[in-house]
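A look at the structure
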Amino acid sequence: MQIPWRAAPRAALSSPLTLLVSVVTALLLSFVVAAAVMHSAASGSAAIDYQRSRLCEDALHPSLESTTGVPHEYVAQGVKGLTDAMAGHPTLIGMYTREKRADFGGRQTYAKFGYRAGAMDHLEVLEGGAKDGLWVPRSIAVTADVRLGERGLGGRLPPVTAIYADVIDPLPRWWCSERHFVVPNVLDRDELATAVVWMPSAESFHALPPEVTGPTDVTVRFPSDVPRTVDEAAALLEEGTARIAPIKDGFNRTMSPLVLPVENARQTVANVRSAVLPLTLISLLIGLAGVATVTVQWAQRRQSELRLLWVRGSGPFALGGRGVLELGLPLVVGGALGLGVARLLLPVYAPSDLLPPGTVTTAALAVVVVVASSIVVAFATAALRAHRMFQVSGSGNRLRKVLTAVPWELATAALAVWAWNRVEHSGLATTTKIGGLPRIDAAALAFPLLVVLTAAVLAARLAKWALAASHRVRLWSRPAAQLAIRRLAAGAGPVTGVLLVGVLAVGTIAVGTAIAGSQKTALEVKAGMYAGANSYAQIPSEVTELPEALRGNSTIVGFVKQHDRTALVVDPRTFRDGAFPFEIDPALLDEPLRVGDVPRREVRLPGLPAVEPAAWVPSFPKLGTSGWVVPVDRIADRGDVGSWYVWSTRPLREVTEALSAAGVRLSRNADEKEKAVQGLPFLTIQWTFGFVTALGAVLAVVASIALLLAVEVRRRQNALSGAFSARMGLGPAAMLRSHLLELGAVAAAAVVVGLAAGAASSGFTVPKLDPAPRLTPAPEVPDPVPLLGATAAGSVLVVLVAAWIAVRSVRSAKIGELIRG
């Protein structure tokens with residue numbers, strides 16, 4: 001057997017279009033596989049980053065805190081022992097006395113003293129600023145009329161050298177681990193809760209007079225880089241736990257809050273990987289089918305040469321090897337480019353651009369497997385094509401007829417029904433523990449994609465039947481339409497293939513954007529309704545007016561809770577200014593309201609008058625679907641209401657700064673809606689279907705290339721038929737309309753069927769994919785208009801380009817050469 005390899009490189013260069021299509025096909029195929037690997041790994045980094053943003057970054061490393069307080073006279077010795085034990089490791093030790101009555105030269109007040117290296121560098125100075133004396137918080141300075149230069153306790157304290165602004169929520173990273181010690185808890189201990197008077201040095205702290213000392217709290221923190229990947233977080237936990245293990249006496253080991261986030265991040269990676277795997281495999285099969293199609297087209301272009309080689313003794317395997325020699329290098333190049341593009345575009349399609357070590361290597365190995373599979377497919381396709389052309393000519397369509405006759409749409413529809421059953425019984429919203437993730441059922445998430453696949457296969461079959469019967473159509477009064485139908489019927493195979501991939505592309509994009517968008521919106525709305533407002537801060541009951549900076553964007557709300565019954569006290573004039581946006585008639589706020597499923601009867605709650613509301617609303621911020629709303633003018637004594645809050649649309653920092661500047665004493669009970677609801681379950685589904693959208697975009701590129709390639713492959717036939725049509729009087733405008741009708745029909749069918757299938761499947765799936773069903777409202781399908789506009793614009797652009805190529809081939813053709821052809 002003669003192996004024809006010498007002329008392969010030169011012959012490959014003679015068909016640049018085939019080489020280009022091979023490179024692009026391999027690029028897209030390897031991109032899908034590499035992107036799936038990288039996207040799954042990046043979801044773990046994104047999960048860590050999300051959890052980190054909700055936690056105190058300075059407390060991520062396991063740390064130590066004194067359990068019952070160290071006698072002050074032993075603090076210096078204990079700190080020295082800790083420092084020696086942790087030699088070689090950076091440590092940050094904080095020391096705090098308990099509140100005692102102190103005299104700063106004016107009125108006596110309660111105060112606590114503390115020292116933490118670098119504390120004065122992280123405070124806002126209001127007066128003074130020298131670091132060789134006491135730094136007194138403004139709250140104590142105002143209460144005790146403290147002035148710079150005064151020495152408390154009869155001169156036994158260092159002089160006051162600075163007045164600083166009290167530390168308030170939200171705390172910067174440097175302070176957040178000390179929140180329990182530096183932010184007064186005015187609700188639990190009222191006037192005994194004070195800010196910290198900072199000492200200038202550790203020695204001065206150790207030398208404090210006994211009347212202001214006693215049990216001293218000691219904290220030991222370990223400054224470290226913030227982990228950004230799962231591996232870094234796990235390493236921080238392991239190393240930190242081992243570091244504090246030898247310290248036993250008098251200290252409580254404070255475990256890092258990263259323990260559960262690391263577990264959740266690993267589960268997120270597994271969930272995303274299992275969810276994207278089915279679609280990745282489907283895309284892989286489509287890509288390999290594309291490689292086979294390119295190989296078939298190569299064999300058609302090389303038919304004369306392959307016949308000559310066959311006559312000279314080359315068998316099917318040798319001719320298959322010839323195909324690999326010509327197409328193998330483009331496939332390898334495309335695979336390498338696909339890997340590079342997947343890495344380069346990681347920030348575009350993945351939730352994070354940080355990859356754990358070894359991820360790119362894993363993706364490269366996956367690409368090697370895919371490229372090898374592509375080469376095997378190219379070899380097998382070329383060999384089988386040669387076998388059919390030269391050995392069993394005329395009987396090679398039997399397998400194709402069998403595969404075409406199989407009702408694949410019934411099989412995919414059955415799978416979709418099975419997947420829908422999993423959607424309804426997947427237990428998606430069931431968490432096994434507080435803070436854990438719901439179980440993500442990959443089969444359930446595949447339901448909308450299986451619906452799209454069923455619609456695509458069914459549309460391709462109906463299109464094939466319609467094209468087979470199109471010879472009965474008589475539209476010669478409209479020659480542009482008649483010729484378009486004839487061209488579609490002549491290329492029924494490529495047309496149905498383009499339609500199949502086009503429906504898959506459009507439907508996949510529709511499903512991905514709808515479900516990802518619904519999860520994003522659901523998290524935003526559920527968190528807002530659960531928290532009540534963008535930010536909130538608890539205030540004393542005597543505060544009845546908002547500071548100037550918060551008027552028009554905030555409101556004061558009372559909250560009452562008794563067992564499982566809750567009620568809100570609202571100010572009808574300002575409530576909608578600060579509450580999370582929701583639909584309600586403003587007039588309803590002037591009277592008591594019954595919310596959700598509470599019984600319609602008289603109810604009595606502490607601090608509220610007896611109410612029996614006639615008006616009803618289905619849901620309300622903070623109350624959800626159960627509770628009561630009472631206008632503030634019905635309240636006899638504000639002090640009897642359980643707690644009062646400022647709700648605001650402004651960020652928490654602006655709210656607390658405005659309240660503090662107005663002299664309002666703040667508690668530790670302040671937060672923002674971004675931290676009110678655990679969003680990782682929502683984000684896991686959002687990231688999964690974000691990747692589905694990316695794969696849909698890849699399929700759209702494949703469909704566009706297939707349409708352009710179908711026009712290019714039929715260049716000679718289009719040119720010949722178009723030239724004869726022009727000779728018979730078909731004008732250029734009519735010819736352009738004909739090609740626009742032909743190609744536009746395919747594109748329009750793909751868009752309409754794809755969007756319909758995607759919208760229908762998403763409409764059924766979105767309400768079921770609710771990781772927090774106890775919170776209202778349920779997820780809703782987002783507005784489809786932007787997607788419809790973008791899809792239509794892209795389709796029109798592709799059709800215009802393809803029609804221009806077809807018309808250009810006709811206008812530049814020389815009919816004499818075509819006839820001799």
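Residues numbered from 1 in each chain as written. Predicted model: local features only at pLDDT ≥ 70, side-chain atom pairs only at ≥ 80, totals over all residues. Heavy atoms only, no water.

What the chain contains, in helices and strands, is 28 helices and 19 strands. Pairs at least 24 apart in sequence give 81% of the contacts found in the chain among residues at least 6 apart. For the chain, the accessible area works out to roughly 37500 Å², and carbon and sulfur atoms hold 60% of it. (Helix = DSSP H or I, 4+ residues; strand = E, 2+ residues; numbered from the N terminus. Contact = heavy atoms within 4.5 Å. Areas by Shrake-Rupley, 256 points an atom, 1.4 Å probe, with all protein chains shown as cover.)

Across its 29 residues, helix H13 (residues 316-344) extends 40 Å between first and last C-alpha, which sits within 8% of the 42 Å expected from 1.5 Å per residue. A bend of about 45° at Leu327 is the largest found in H13, and the proline Pro330 appears one to four places after it. (Expected span 1.5 Å × (residues − 1). Bend = angle between axes of the 7 residues up to and from the residue.)

Buried together is how nonpolar side chains tend to be arranged in soluble globular proteins. Ranked by internal contacts, the top residues of the largest apolar core, which has 52 residues, are Phe31, Met38, Ala342, Tyr349, Ile515, Phe689 and Phe691. If you tally residues by element for this core, the top one is helix H2 (residues 16-54), at 10 residues. The residues contacting Met38, other than those within four sequence positions of it, are Leu339, Ala342, Arg343, Leu346, Tyr349, Leu355, Thr359 and Ala363. One finds Ile93, Phe104, Leu157 and Val197 within the second-largest nonpolar core, a separate group that totals 35 residues. (Core = buried A, V, L, I, M, F, W, Y, C linked by side-chain atoms within 4.5 Å. Buried < 20%, exposed > 50% of the residue type's maximum accessible area, 1.4 Å probe, protein only.)

Looking now at the state of the cysteines. One pass over the full model with this rule turns up one disulfide. Disulfide partner of Cys56: Cys176, at an S-S distance of 1.9 Å. Every disulfide takes its handedness from the sign of the S-S torsion; for Cys56 and Cys176 that torsion is 75°, giving right-handed. Note that Cys56 is positioned in the loop between H2 and strand E1 (63-66) and Cys176 in helix H6 (residues 173-176), a separation of 120 residues in sequence. Judged by its relative accessible area of 18%, Cys56 is buried. According to the relative accessible area criterion, Cys176 is buried, its value standing at 16%. (Disulfide = S-S within 2.5 Å.)

Let us look at the side chain of Thr161. Checked against the element boundaries, Thr161 lands in strand E8 (residues 160-164). The class for Thr161 is buried, based on a relative accessible area of 13%. From its side chain, Thr161 meets the backbone oxygen of Ala130 in a polar contact 2.6 Å long. Among residues more than four places away in sequence, those in contact with Thr161 are Glu127, Gly128, Gly129, Ala130, Asp132, Gly133, Leu134, Trp135 and Leu148. (Polar contact = N/O pair within 3.5 Å; in protein donor to acceptor, adjacent residues only side chain to side chain.)

Turning our eyes to something else, we now look at the sheet that holds strand E18 (residues 643-648). Picture the strands of a sheet paired through backbone hydrogen bonds; they go either parallel or antiparallel. Strand order in the open sheet formed by eight strands is E16-E15-E17-E14-E13-E18-E12-E19, and the pairing between neighbours is mixed. Across the chains shown, the open sheet's two edge strands, defined by having one partner strand only, are strand E16 (615-617) and strand E19 (670-672). The mean inter-strand angle of the sheet, taken between neighbouring strand axes irrespective of direction, is 25°. When strand E15 (residues 593-596) meets strand E17 (residues 626-631), the two strands line up antiparallel, connected through four bridges. When the bridges of E17 are listed, Gly596 appears paired with Ser626. Most of the contacts of helix H23 (residues 652-661) go to strand E12 (residues 535-539), to which it runs at about 25°, and overall it touches E12, E18 and E19. (Pairing = 2+ DSSP bridges. Axes fitted to C-alpha atoms, helices over the stretch in contact; angles between N-to-C directions.)

Inspection of the secondary structure puts Thr566 in strand E14 (residues 565-570). Dropping the residues within four chain positions of it, Thr566 is found in contact with Phe559, Val560, Lys561, Leu605, Leu623, Ser626, Gly627 and Trp628.

Right, let's talk about the packing of H2 against helix H11 (residues 259-301) for a bit. The N-to-C vectors of H2 and H11 enclose an angle of 175°; their axes lie 8 Å apart at closest approach. One element, H2, and the other, H11, form an angle in the roughly antiparallel class. A per-class count over the contact of H2 with H11 returns 20 nonpolar, 14 polar and two charged. (Parallel < 35°, antiparallel > 145°, perpendicular 65-115°, else oblique. Nonpolar A, V, L, I, M, F, W, Y, C, P; charged D, E, K, R; others polar.)

Applying the stated criterion to the full structure yields 15 aromatic pairs. Where Phe575 meets Phe582, the ring centres are 6.3 Å apart and the plane angle is 85°; that geometry is what we call edge-to-face. Residue class for Phe582 comes out buried when judged on its relative accessible area of 15%. Relative to Phe620, the ring of Phe582 lies with its centre 5.1 Å away and its plane at 75°, an arrangement referred to as edge-to-face. With a gap of 38 residues between them, Phe582 in the loop between helix H22 (575-578) and E15 and Phe620 in the loop between E16 and E17 connect regions that are remote in the sequence. For the pair Phe582 and Phe620, a shared accessibility class is recorded, and that class is buried. (Phe/Tyr/Trp six-rings, centres within 6.5 Å; stacked < 30°, edge-to-face > 60°.)

Another point: the environment of Leu623. Relative to the elements of secondary structure, Leu623 occurs in the loop between E16 and E17. When the C-alpha positions of Leu623 and Leu568 are compared, they lie 7.8 Å apart, and in sequence the two are 55 residues distant. Leave out the neighbours within four places in its chain, and Leu623 touches Thr566, Ala567, Leu568, Val595, Trp628 and Val629.

In terms of burial, E14 is a largely internal element, five of the six residues being buried. For strand E13 (residues 554-562) and E14, the ladder comprises five bridges, and the chain directions are antiparallel. By the bridge assignment, Val560 is partnered in E14 with Ala567. Bridge count for E14 against E17 is four bridges, and the pairing is parallel. Paired with Val570 across the bridge in E17 is Pro631.

Taken as a whole, the chain shows an average pLDDT of 85; of its residues, 90% reach a score of 70 or greater. Averaged pLDDT values for the elements of the chain fall to 55 in helix H28 (residues 815-820) and rise to 95 in strand E9 (residues 196-198). (pLDDT = per-residue confidence, 0-100.)

Okay, the pattern of salt bridges next. This structure, assessed with the given rule, holds 26 salt bridges. The salt bridge involving Glu524 is made with Lys673; its shortest N-O contact spans 2.8 Å. Separated by 149 residues along the polypeptide, Glu524 in helix H21 (residues 492-531) and Lys673 in the loop between E19 and helix H24 (680-713) bring together distant segments of the chain. For Glu524, a relative accessible area of 39% translates into the label partly exposed. Residues Glu654 and Arg650 are paired through a salt bridge, measuring 3.0 Å at the closest nitrogen-oxygen approach. Given the relative accessible area of 33%, Arg650 is considered partly exposed. One salt-bridge network, held together by shared partners, links Asp58, Glu65, Arg116, Arg173, Glu178 and Arg221. (Salt bridge = Lys/Arg side-chain N within 4 Å of Asp/Glu carboxyl O.)

The side chains of a regular strand alternate, first on one face of the sheet and then on the other. Judged from the three bridges that link them, E15 and E16 form a sheet pairing that is parallel. Residue pairing in the sheet places Arg594 in a bridge with Trp616 of E16.

Moving on, we get to empty space enclosed by the protein. Going through the model one piece at a time under the given rule, you end up with four cavities of 30 Å³ or more. Here the second largest cavity is characterised by a volume of approximately 70 Å³. Lining the second largest cavity, in full, are Leu279, Ile282, Ile286, Leu449, Val452, Leu453, Leu504, Thr508 and Leu699. Among the secondary structure elements, those contributing two or more residues to the lining of the second largest cavity are H11, helix H19 (447-468) and H21. A per-class count over the lining of the second largest cavity returns eight nonpolar, one polar and no charged. (1 Å grid on protein atoms, 1.4 Å probe; cavity = no way out; pocket = protein on both sides within 12 Å on 5 of 7 lines; lining within 4 Å. Points joined across faces, edges and corners; volume = space filled by probe spheres on them.)

Turning to unusual backbone geometry, a few remarks are in order. In this structure, Pro170 follows Asp169 across a cis peptide bond, with omega equal to -5°. Tracing the chain through its elements places Pro170 in the loop between E8 and H6. Residue Pro777 is reached from Thr776 by a cis peptide bond, and omega for that bond is -5°. Within the secondary structure layout, Pro777 lies in the loop between helix H26 (732-765) and helix H27 (785-811). With a phi angle near 75°, Lys622 is a residue other than glycine that sits in the positive phi range. With respect to the helices, strands and loops of the structure, Lys622 is situated in the loop between E16 and E17.

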